[in-house]
Amino acid sequence: MTSASVVGAATLEELLLRMWRIRAFEIRAMELFEEKLIRGSVHPYIGMEAIAVGVCAALRPDDFITSTHRGHGHCVAKGLDLRRMMAEIIGREDGYCRGRGGSMHITAIEQGMLGADAIVAGSSALAVGAAHGLRLQGRDSVVVCFFGDGAANQGILHEACNLAAVLSAQVIFVCENNEWAISTPASASTRIANIAIRAEGYGFPGVVADGNDVEEMRAVTEAALVRARAGDGPTLIEAKSYRITAHSAATKVDLRPAEELDAWRARDPILQLSRKLVESGVDEARIGEIEAQARADVADAVEFALASPRPDPGAATEDVYAPADWNVLERLS
Amino acid sequence: MSERELTMAEALNEALHGEMERDPGVFVVGEDIAQIGGLFQVTAGLLDKYGPQRVIDAPISEAGQVGAGVGAALVGCRPVVELQIADFVTLTMDQLVNHAAKWRYMSGGKVTVPFVLRGAVSSGIGMAGQHSQTLEAWFVHAPGLVVIMPSTPYDAKGLLTAAIRDDNPVVFLEKRLLYSRRGPVPEGDYTVPIGVADIKREGTDVTVACYSQGVHLALQAGRQLAEQGIELEIVDLRTLKPLDIETLGNSVRKTGRLVVVSEGARAGGVASEIVARIVDEAYDSLRTAPVRVTAKDTPIPYAAQLERAVMPQVDDLVAAVTGMLEPVAGS
């Protein structure tokens with residue numbers, strides 16, 4: 001890729017740290033689910049870390065993202081605080097959503113995170129509208145919409161892509177093709193090998209990228225950002241990757257063949273980046289330090305989260321509505 | 001001084017012009033709303049004044065439009081999306097209920113979604129099953145949404161202005177038959193408060209809770225019944241969520257009788273909810289069982305005789321009122 005060379009070794013170490021933070025976070029989250037400290041479910045991003053980290057490394061702080069049910073990786077990559085993330089998914093008051101959202105709904109607009117969305121493809125139109133709103137405000141911030149291969153067959157995504165095209169919206173669609181929608185392989189859901197070719201049907205570019213290569217993800221995003229900021233409209237990036245874990249921490253049956261899993265494990269994005277750093281002269285010990293730091297950061301986050309107060313049940317009916325004259329008067333009972 | 005009269009469509013149009021002038025974050029999206037000003041001219045003249053970035057003829061993608069509205073609201077704009085026919089809301093329910101209504105709550109109260117979804121409720125003119133539904137009950141049942149249904153041009157302008165300025169997602173349903181109805185509308189900027197009912201006729205015998213077209217049925221019934229010496233008190237709820245239970249409760253405490261008029265289907269409808277609320281709030285004041293005058297539980301048929309048969313009519317309301325007064329007539 002053209003601009004990958006500008007990413008120097010130090011930056012790659014930083015990217016590795018972010019990827020490790022995601023992985024360590026997910027490993028702990030799955031354990032906490034088993035320990036019944038996390039309710040509902042956890043959808044780990046393990047194996048896909050290079051996508052979010054690569055894409056978000058190209059973004060400015062004032063750019064935005066929307067996310068999915070498998071959203072922890074996007075949040076970490078966008079720079080959200082591990083402590084407040086963990087507090088949220090454990091359901092505590094110091095969580096990003098004060099325990100109202102949980103794992104699938106972390107929102108931090110002040111950090112460019114418009115919200116994780118547990119309706120598959122649900123945030124695609126939101127991303128387009130946010131991008132149009134930013135343009136009306138005279139801002140060149142870009143909105144990145146993350147979604148999966150499963151989402152690619154939802155109707156709303158079609159509407160959102162077409163609307164983005166006709167509005168020339170400053171949006172980037174990132175399809176994280178991890179091959180499986182719970183138990184249904186992508187090959188059973190579509191007759192095309194590359195979802196990226198659908199972009200042509202909307203009149204904007206579609207790019208296939210190696211979702212396990214953080215530098216490539218960053219580079220394709222940079223190109224899409226230039227296009228979006230110039231007002232030339234959206235890009236669809238299809239990131240080929242794989243989720244190493246089952247669909248969720250609650251998944252009981254996993255149909256994926258062992259050979260397939262092994263092949264993708266060999267292409268683990270963290271392994272690949274670590275190997276590359278070592279080949280470029282970074283000490284093996286330094287790689288170990290990066291992992292240890294990430295695990296320590298996550299341990300600190302868990303400690304913070306468990307110390308955070310539980311939400312007051314008496315406040316469960318608050319914040320359904322924004323403050324308004326009629327709301328202040330408590331007319332809504 | 002003679003009062004200026006406008007149609008409801010003109011009144012709504014004035015509200016949009018006023019808010020777009022006042023706030024550069026307000027923009028409108030919908031089908032055929034820009035170049036031709038909307039099928040019912042509610043958005044007339046906006047394109048010339050505010051340009052294609054703020055007055056958008058969108059592709060026929062109702063869910064996409066609503067989702068885009070929510071996204072724009074999240075970054076601080078105040079979008080107004082028009083559903084050409086209110087029934088098309090069925091295509092948008094995920095974006096409306098799972099996104100617009102919940103984003104604030106799910107975020108722990110950190111974000112606001114100042115978004116208005118307007119739609120034309122088109123029953124009464126032979127548009128048949130997919131263009132004639134009155135679906136407000138669905139939105140009342142979705143925590144996080146505000147639901148408004150005006151009955152007069154004055155209320156329409158003031159409530160739409162208030163809806164655009166409100167920080168919550170608002171479903172604003174306009175009865176198509178009322179677009180051409182005229183009434184006094186002040187010039188310039190004013191709001192009608194959300195969540196405040198309006199007594200459109202004072203009376204002592206029976207309270208009629210109603211909204212939108214139901215208000216006009218009630219006013220007509222009120223004139224007929226007055227000739228028989230029966231005085232209706234007509235409470236135009238104007239907003240279904242929040243519901244002004246205080247004004248309605250006070251009226252029922254005065255009259256002791258309640259009829260609710262709704263053009264929505266009967267089962268699980270707004271009329272049922274209002275009866276339940278009054279039972280909660282003013283049971284001891286009720287002298288007779290409350291009565292619901294609603295549409296029947298059918299899809300809306302095409303032929304005029306059939307549509308009239310399933311939609312509530314003035315005669316139905318008159319019969320409901322006289323029926324509930326009969327037991328005490330000889331006392």
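Residues numbered from 1 in each chain as written. Chains lettered and ligands numbered in written order. Predicted model: local features only at pLDDT ≥ 70, side-chain atom pairs only at ≥ 80, totals over all residues.

A.B. asks: Help me understand the domain arrangement of chain B in this model?
C.D. replies: Size of an interface: often given as the accessible area lost when the parts come together. Residue and element names in this part refer to chain B. Partitioning chain B into structural domains gives domain 1 (5-184) and domain 2 (198-325). A separation of 26 Å is found between the C-alpha centroids of domain 1 and domain 2. Mapped by element, the contributors of at least two residues to the side of domain 1 that touches domain 2 are helix H6 (136-140), strand S6 (146-148), helix H7 (153-165) and strand S7 (170-175). The residue inventory of the side of domain 1 that touches domain 2, partitioned by class, reads 14 nonpolar, eight polar and three charged. (Domains from an automatic or database assignment. Helix = DSSP H or I, 4+ residues; strand = E, 2+ residues; numbered from the N terminus. Nonpolar A, V, L, I, M, F, W, Y, C, P; charged D, E, K, R; others polar.)

A.B. asks: Before we go on, may I ask you to explain the interface of chain B and chain A in this structure?
C.D. replies: Contacts between chain B and chain A engage 43 residues on the former and 39 residues on the latter. Listing elements by their share of the side of chain B that touches chain A, those giving two or more residues are helix H3 (62-74), helix H4 (93-100) and helix H5 (103-106) of chain B. When residues in the side of chain B that touches chain A are grouped by element, the largest group, nine residues, is from H3(B). Among the residues forming the side of chain B that touches chain A, the class breakdown is 18 nonpolar, 18 polar and seven charged. (Contact = placed C-beta atoms within 7 Å.)

A.B. asks: What's the story with the packing of helix H9 (residues 245-255) of chain B against helix H10 (residues 270-282) of chain B in this structure? I'm lost.
C.D. replies: Each pair of packed helices can be summarised by the angle the axes make with each other and by the distance between the axes. Residues and elements named next belong to chain B. At a minimum axis distance of 10 Å, the contact between H9 and H10 shows a crossing angle of 70°. The angle between H9 and H10 places the two elements in the roughly perpendicular class. In this structure, H9 crosses over H10, and the sense of that crossing is right-handed. Facing H9, whose interface residues are Ile245, Leu248, Gly249, Val252 and Arg253, H10 presents Arg277, Ile278, Glu281 and Ala282. Across the contact of H9 with H10, the residue classes break down as five nonpolar, one polar and three charged. (Axes fitted to C-alpha atoms, helices over the stretch in contact; angles between N-to-C directions. Parallel < 35°, antiparallel > 145°, perpendicular 65-115°, else oblique. Left-handed = near helix turned anticlockwise from the far one by under 90°.)

A.B. asks: Just to check I follow, could you spell out the sheet that holds strand S13 (residues 258-265) of chain B for this structure?
C.D. replies: Strands pair in a sheet through their backbones, by hydrogen bonds, and they do so in one of two ways: parallel or antiparallel. Residues and elements named next belong to chain B. In space, the five strands of this open sheet follow the order S9-S11-S10-S13-S14, with mixed pairing throughout. The sheet is open, and its two borders are formed by strand S9 (198-201) and strand S14 (291-295), each paired with just one other strand. Averaged over all pairs of adjacent strands, the angle between their axes in this sheet comes to 25°, without regard to strand direction. Here S13 runs beside S14; their pairing, made up of four bridges, is parallel. Residue Val261 lies in a different strand from S14, and its bridge partner there is Val293. (Pairing = 2+ DSSP bridges.)

A.B. asks: When you look at unusual backbone geometry in this model, what are you seeing that I'm missing?
C.D. replies: Peptide bonds are trans in most cases, and residues, glycine excluded, mostly fall at negative phi. For the bond running from Lys241(B) to Pro242(B), omega is 0°, close enough to zero to count as cis. Along the polypeptide, Pro242(B) turns up in the loop between strand S12 (239-241) and H9. With a phi close to 50°, Ser168(A) is a non-glycine residue in the positive phi region. Tracing the backbone through its elements, the reader meets Ser168(A) in the loop between helix H6 (155-167) and strand S4 (171-177). Classification of Ser168(A) as partly exposed rests on a count of 18 C-beta atoms within 10 Å. (Buried ≥ 20, exposed ≤ 12 C-beta atoms within 10 Å, placed from the backbone.)

A.B. asks: Quick question: what am I supposed to make of helix H8 (residues 213-226) of chain B here?
C.D. replies: Residues spaced three or four apart along an α-helix face the same direction, because each turn holds 3.6 residues. In this model, H8(B) (14 residues) spans 20 Å end to end at C-alpha, consistent with the 20 Å of a helix rising 1.5 Å per residue. All of the buried residues along H8(B) are Gln213(B), Gly214(B), Val215(B), His216(B), Leu217(B), Ala218(B), Ala221(B), Gly222(B) and Leu225(B). (Expected span 1.5 Å × (residues − 1).)

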